[in-house]
Amino acid sequence: VLFRSTRPMADVELITNMPAMQKAVDAANNYLNLKARKPVSGITDFEEAEQAQELADAYERMKKTKQECDDSTVVLHLTGLPSSQWRQITLKTVVAQDDGTYLTDLPEQAILALPDMLKSANFKNGTDVPVADVLAILPELSDSQLADIMTAVQNLNNPSTVLPKEIGQIISDSATTL
């Protein structure tokens, strides 16, 4: 064999603790609001120090809640499927509508494809997560948790197979200016 083709790969982060994520978002918004606060003239040094401490405390809360969120985030390492396998999954998830149109059940498509696409998983801190554990929680995930997974499944199994001509043009244009 003169060459070998490799399938596309991607990593997707899955936050498993949605309340922790909401706390992190709220803490970040609180910090940004405090930071954007306009300086008030005529306040005492004590009041200014209180505001600085409030901002510092908000920053620490933001860091802590982000870490809590990161501690519950699983990184999924995915690889695209062979085209014949992807076509079979696609056919299983296309549903005919009453008006004669067809819709693809994307959450179901992702759930069907993931067992063969998921090569490994680990928490953000590096601790391995058994693939079976990830697959076991798939039916429990919310649509928002599945959104990034669905996008990755689509992108990995419907990749671009031609290098855009624009890249060659950029190289050609840049070579004359370098």
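Residues numbered from 1 in each chain as written. Predicted model: local features only at pLDDT ≥ 70, side-chain atom pairs only at ≥ 80, totals over all residues. Heavy atoms only, no water.

Caption draft 1: Structural view of helix 3 (residues 83-93). Within helix 3, burial applies to Trp-86, Ile-89 and Thr-93. Down the axis of helix 3, the sector holding all buried residues measures 65 degrees, keeping them to one side. Of the exposed residues in helix 3, those oriented more than 90 degrees away from the buried face are Gln-88, Leu-91 and Lys-92. Where the residues of helix 3 are buried, they touch strand 3 (94-96), strand 4 (102-104), helix 4 (106-117) and helix 6 (143-157). (Buried < 20%, exposed > 50% of the residue type's maximum accessible area, 1.4 Å probe, protein only. Helix = DSSP H or I, 4+ residues; strand = E, 2+ residues; numbered from the N terminus. Arc of directions from axis to C-beta. Contact = heavy atoms within 4.5 Å.)

Caption draft 2: The arrangement of the nonpolar core in detail. Counting 24 residues, the largest nonpolar core has Leu-76, Leu-78, Ala-113, Met-117, Val-134, Ile-149 and Val-153 as its most contacted members. If you list the elements that add at least two residues to this core, you get strand 1 (9-15), strand 2 (73-79), helix 3, helix 4, strand 5 (118-123) and helix 6. Among the elements that make up this core, the one with the highest residue count is helix 6 (six residues). Those residues in contact with Val-153 that sit more than four places away from it in its chain are Trp-86, Ala-110, Ala-113, Leu-114 and Met-117. (Core = buried A, V, L, I, M, F, W, Y, C linked by side-chain atoms within 4.5 Å.)

Caption draft 3: Here's a closer look at the side chain of Gln-145. Its place among the elements puts Gln-145 in helix 6. Polar side-chain contacts of Gln-145 include one of 2.8 Å to the backbone oxygen of Ile-15. Those residues in contact with Gln-145 that lie beyond four places of it in its chain are Leu-14, Ile-15, Thr-16 and Met-18. (Polar contact = N/O pair within 3.5 Å; in protein donor to acceptor, adjacent residues only side chain to side chain.)

Caption draft 4: Structural context of the packing of aromatic side chains. Enumeration according to the criterion identifies one aromatic pair in this entry. Seen in terms of ring centroids, Tyr-31 and Tyr-59 are 5.5 Å apart; in terms of plane orientation they differ by 55 degrees. Their pairing is tilted. Of the two residues, Tyr-31 sits in helix 1 (residues 18-35) while Tyr-59 sits in helix 2 (residues 45-71), which places them 28 residues apart along the sequence. Taking the relative accessible area as the measure of exposure, Tyr-31 reaches 13% and is therefore buried. (Phe/Tyr/Trp six-rings, centres within 6.5 Å; stacked < 30°, edge-to-face > 60°.)

Note that every value here comes from positions in space, so none of it alone points to a role or purpose.
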